[in-house]
Structure formats: C-alpha cells, structure tokens
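Observations on the three-dimensional arrangement
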Amino acid sequence: MPETWGIVLSKTLTDPVWFFVTDWFAIFLLSKGYSPKDSLLAFWIPFLAADIGNFAGGGISSYLIKRGWRVGNARKIVCVAGALGMAMLMLPAFVNGFGWLVGSFAIATLSYAAFSTIILTLPADLYPAGSVATVSGLSGTGAGIGTIAATFLIGIISDRYSFRPILVVASIVPVIAAGLILLLAGKNAGPQKT
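Not measured: the values here are computed from a predicted model.

How each quantity is defined
- All residue numbers here refer to positions counted from 1 along the written sequence of the relevant chain.
- At least 70 in pLDDT is required for a residue's local features to be given in this predicted model, at least 80 for side-chain atom pairs to be given and counted, and no such filter applies to totals for whole chains, interfaces and linings, which use all residues.
- With hydrogens and water stripped out, all remaining heavy atoms of the structure feed into the side-chain values.
- Helical segments are the DSSP runs of H or I of at least four residues, strand segments are the runs of E of at least two, and each set is numbered from the N terminus.
- We call two residues in contact when some of their heavy atoms are within 4.5 Å.
- The criterion is simple. A nonpolar core is a set of buried Ala, Val, Leu, Ile, Met, Phe, Trp, Tyr and Cys residues joined through side-chain atoms within 4.5 Å.
- Exposure categories follow from relative accessible area, calculated using a 1.4 Å probe and restricted to protein chains: below 20% of the type maximum is buried, above 50% is exposed, and the middle band is partly exposed.
- Two aromatic rings from Phe, Tyr or Trp, using only the six-membered ring of Trp, form a pair when their centres are within 6.5 Å; if the ring planes differ by under 30 degrees the pair is stacked, by over 60 it is edge-to-face, and anything between is tilted.
- A cavity here means a set of 1 Å grid points, computed over protein atoms only, where a 1.4 Å probe fits but cannot escape. A pocket is an open set with protein on both sides within 12 Å along at least 5 of 7 lines, and lining residues have an atom within 4 Å of a point.
- Grid points are joined across faces, edges and corners, and a volume is the space filled by probe spheres set on the points.
- Residues are sorted three ways: Asp, Glu, Lys and Arg are charged, Ala, Val, Leu, Ile, Met, Phe, Trp, Tyr, Cys and Pro are nonpolar, and all the rest, Gly among them, are polar.

Describing the side chain of Ser139
Position of Ser139 among the secondary structure elements: in helix α7 (residues 129–160). Excluding its chain neighbours within four sequence positions, the residues that come into contact with Ser139 are Ile7, Val8 and Lys11.

Points about the nonpolar core
With 40 residues, the main nonpolar core has Phe20, Phe105 and Phe115 as its most contacted residues. Put simply, the parts of the chain that give this core at least two residues each are α1 (2–31), α4 (71–86), α6 (98–126), α7 and α8 (164–184). Beyond its immediate chain neighbours, meaning those up to four positions away, Phe105 contacts Phe20, Val21, Phe25, Phe28, Pro46, Leu89, Pro92 and Leu167.

Quick notes on the packing of aromatic side chains
Scanning the model with the defined rule gives nine aromatic pairs in all. Plain terms: the ring middles of Phe20 and Phe105 are 6.3 Å apart, the flat faces sit at 40° to each other, and that makes the pair tilted. Linking Phe20 in helix α1 with Phe105 in helix α6, this pair joins segments that are 85 residues apart in sequence. Judged by centre distance (6.1 Å) and plane angle (45°), the ring pair of Phe20 and Phe163 falls under tilted. Pair noted here: Phe20 is in helix α1 and Phe163 is in the loop between α7 and α8, with a separation of 143 residues, a long-range link. Exposure class is identical for Phe20 and Phe163. Each is buried. Each member of the aromatic cluster is reached from another via a ring pair, and the members are Phe20, Trp24, Phe25, Phe28, Phe105 and Phe163.

Here we look at the layout of surface pockets
One number sums up the size of the largest pocket: a volume of about 300 Å³. Around the largest pocket, the lining comprises 14 residues; the ones closest to its centre are Ala150, Ile154, Val169, Ala170 and Val173. Those elements giving two or more residues to the lining of the largest pocket turn out to be α1, α7 and α8. Grouping the constituent residues of the lining of the largest pocket by class yields 13 nonpolar, one polar and no charged.

What follows is the structure in structure tokens.
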C-alpha cells in the first residue's frame, strides 16, 4: 500500500537526522571551535526542545482534530511544519554564532520530535489493529537501516570535507519525507480502520 511506503520511507529519512544530532552534536560543536566545557550549558537545550516537541506534535494535531479537521489532515500539517522546522539545521552551515547554532538545533529537534510523533501515530490512524504493529515494525527497520547508513556517511563526509554538506542534506531530507507523506498517504485523510 502506498501509505505503508510513505510511513516507512519518511521514518527511514528522518530518524538519521535525529541520530545526527544525538551522536554528532558534541563533535560538531568542537569542529566549530567550542570547547565541551564552554558549551556544556547549551548542550542540553536541543534535547529539552525535543521533549517539548514530542508533546507538541500530538497536542497540535489533537487540537486541530477537536476544531473539526480530519484526522489525516491534522497529522499531515504537523508533518509539514515539522519538516520545515528541521530545515533550520542548515542555518549553522552559513551563519556563525553560538546562539544561532544552539537555537537552530533546538528548533530542529523540537520539529523532529513533533514529526516523529505523528509518523508513529499514522499506522494506528490508517490501518486495522492487526496491521499496525507490522507497519510500525517496518518503519522502525527502515529507520535503523537509514541511521546506520547515515552514520557511516557522516563520518566520511565530516572527515574529508566538513559538516556543512551534512547540515544541508539533513535540512532537505525531512522536506522530502513530508512530501512522501503527502504524496503517498494521498487522499486517505482520515482513519482507514474497518
């Protein structure tokens, strides 16, 4: 089903962005000349933002549904907003300043968490109960494969070039993932449970 591909591919593309932040943020800060001691206070901000994003994604879509939006449309608007927010990762590639760097990572992680919350919810919205775990498992497998490949590539690219191309790609990929959700989830804007 196209909905399955939309969910699996979007999770495959966006989870590596999260793991880039969790696994490489400290190294990225060092590459920009910030010592771990000086950046320790700001290091936790993107992770706190992600915690807020987990609640925001579900809360915003629930709010929209209560206001009369169809379930699928409410979920999709959060995906699109989350993808656009993740594009903020590109900012430190072109703008200097510790505040800009930390702020852009915070917006990106908040947005990732909101996006991810919705992607994790979509199988329950779109499929009968007996299929939800299968679709969720496939998306988790895709996320694992994508993250392994991305981690390998990030190491190579950051060693040979810099983090700039990684930040640019990590900003574009979520927009592609949101496009896949919009395209492949199609007109099935509401639950497909039977």
